[in-house]
Structure formats: structure tokens, C-alpha cells
Amino acid sequence: MSDTAEEETRPVRRPAARERLLAAAARRFYADGVAATGIDTITTEAGVAKKSLYNNFSSKADLVRAYLEARHEEWRCLYRARLEQAQDPRGGVLAVFDAYADHAAFAYERGFRGCGLLNAAAELPTGDEGRAVVRRHKEEVEALLTGHLEELLPERPDRARTTAEHLAFLLEGAMARAGLEGEDTRLRHARAMAADLLDRL
């Protein structure tokens with residue numbers, strides 16, 4: 001039997017219940033919101049029994065945290081891919097902006113609605129662990145910007161930190177406006193503004 005024939009007869013592996021649940025949660029939480037999405041909706045879309053959900057996650061809150069952590073890791077993968085193309089620290093800063101634009105370009109079921117992490121955090125109560133996940137993501141993004149800027153401005157660490165904060169605010173504002181408008185135009189404008197600022201340092 002040829003390799004091709006063997007591949008055609010080999011059964012296609014169905015994703016494990018945990019993967020299907022996370023994928024369904026990601027679609028529904030982003031499109032409909034965390035509070036509006038019930039466990040039954042997620043299990044039905046994932047094609048698993050409710051028992052499977054509780055075998056993999058201790059609660060809906062646990063599933064929400066897993067979703068947020070997965071979304072953070074998804075962004076990190078986009079950033080690393082962009083960083084591989086960067087030629088210098090300036091390119092590293094712009095890789096952060098490009099990774100956000102790449103996330104915005106995904107084929108979302110109901111269109112782009114802004115930062116999924118912040119959208120979820122806005123629905124969670126103060127002190128919720130999910131909010132801490134989102135905060136760590138935003139702190140990591142600013143730390144990445146700071147690291148690239150410290151390479152760019154080795155003799156001016158204070159300027160590097162304040163510029164990183166400035167760019168983090170620019171990025172967050174652009175994400176908020178892009179989410180309201182349902183397209184990535186504001187993110188492209190923010191990247192151009194960031195590039196102009198870097199050229200004037």
C-alpha cells in the first residue's frame with residue numbers, strides 16, 4: 001500500500017474533549033460575551049456531554065481562565081512569528097503592533113470586536129483570577145516593548161520605559177477603537193504613529 005493510500009485510510013483523529021471545549025468557548029465568549037454564554041451552549045457547540053466539561057474544568061470560571069490563557073499564548077505565538085522577521089529593536093517594537101493586527105485579522109464569527117482579553121475582563125468581578133490573567137498579559141506586552149526600547153536606547157533607560165508606556169497606551173486605544181469600528185484601520189494607524197515616534201527618538 002502506498003503512503004498516500006495509507007494516509008487516506010487512516011482515521012482522522014478527532015480533537016480531545018478539552019480542545020473542543022476550549023475552541024467552542026473561544027468562539028462563543030468572543031462573539032457573545034462571557035456572561036451571556038452558558039455551559040449548555042458550549043457543550044452543545046463542542047459536541048460533548050456536560051460531564052466532559054466538568055472532567056476537564058472545575059467550573060465555568062476555570063474554563064474562562066483557560067480561555068484567557070490560551071488567547072494570551074495565541075498572541076505570543078503571533079508575536080514570536082513577527083519577531084523572527086524583525087531586523088533590529090525598532091522592528092521588535094513594531095512586531096508587537098503587528099501581532100495585534102494579526103489577531104484582529106482572524107475570521108471572527110461576528111467580526112472583530114476588539115481585545116478579547118479586555119472584553120472578558122470587563123465582565124469579570126474585581127479580584128477574579130481571570131482579570132489577573134489579563135493584567136499579566138498587558139504587563140508582558142509593555143515589558144516586551146520596554147525590552148526592545150532599552151536595546152534601542154541603551155544609554156536612556158528612563159526614556160525607554162516612558163516610551164514603552166506611551167506605546168502601550170497607543171496600542172490599547174487603537175484596539176478599543178478598532179473593536180468599536182470592527183476593522184483594523186486604527187491598528188494600522190497606530191503602527192504608523194509608533195514607527196514615526198521611533199524614528200524621532
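Cut-offs used in this document
Residues numbered from 1 in each chain as written. Predicted model: local features only at pLDDT ≥ 70, side-chain atom pairs only at ≥ 80, totals over all residues. Heavy atoms only, no water. UniProt positions renumbered as here; feature names shortened; annotations may be inferred. Helix = DSSP H or I, 4+ residues; strand = E, 2+ residues; numbered from the N terminus. 1 Å grid on protein atoms, 1.4 Å probe; cavity = no way out; pocket = protein on both sides within 12 Å on 5 of 7 lines; lining within 4 Å. Points joined across faces, edges and corners; volume = space filled by probe spheres on them. Domains from an automatic or database assignment. Contact = heavy atoms within 4.5 Å. Buried area = accessible area lost by both parts, 1.4 Å probe. Salt bridge = Lys/Arg side-chain N within 4 Å of Asp/Glu carboxyl O. Polar contact = N/O pair within 3.5 Å; in protein donor to acceptor, adjacent residues only side chain to side chain. Nonpolar A, V, L, I, M, F, W, Y, C, P; charged D, E, K, R; others polar.

As annotated in an unreviewed UniProt entry, the protein chain is TetR family transcriptional regulator from Streptomyces himastatinicus ATCC 53653.

Trainee: Before we move on, can you summarise the UniProt feature "domain: HTH tetR-type" (unreviewed entry) in the protein chain with the specific residues and values?
Mentor: As annotated by UniProt and renumbered to match this structure, "domain: HTH tetR-type" (unreviewed entry) occupies residues 15-75. Taken end to end, residues 15-75 is 77% helix and 0% strand, and its two terminal C-alpha atoms sit 22 Å from one another.

Trainee: I'd like a rundown of the layout of surface pockets, residues and numbers included.
Mentor: Here the largest pocket defines a volume of roughly 270 Å³. Along the wall of the largest pocket there are 13 residues; nearest its centre are Ala26, Arg27, Tyr67, Arg71 and Glu74. Looking at the lining of the largest pocket, the elements with two or more residues in it are α2 (17-32) and α5 (60-85). Examining the composition of the lining of the largest pocket, we find that 5 residues originate from one element, α2, more than from any other. Residue-level mapping places the lining of the largest pocket at the junction of two domains, with at least three residues from each of domain 1 (15-57) and domain 2 (65-199).

Trainee: Could you give me a rundown of the domain arrangement of the protein chain, with the residues and numbers involved?
Mentor: For the protein chain, the assigned domains read domain 1 (15-57) and domain 2 (65-199). The interface is formed by 12 residues belonging to domain 1 together with 14 residues belonging to domain 2. A combined buried area of about 1,100 Å² lies between domain 1 and domain 2, and 60% of that area is made up of carbon and sulfur atoms. Three residues stand out in domain 1 for area buried against domain 2, namely Tyr30, Ala31 and Val34, and they jointly supply 55% of the buried area on that side. In this assembly, domain 1 and domain 2 are joined by 2 salt bridges. Taking the shortest distance from any N to any O, the salt bridge between arginine 28 and glutamate 109 comes out at 2.8 Å. Joining domain 1 to domain 2, the criterion identifies 6 residue pairs in polar contact (both at pLDDT 80 or more). The residue makeup of the side of domain 1 that touches domain 2, split by class, is 8 nonpolar, 1 polar and 3 charged.

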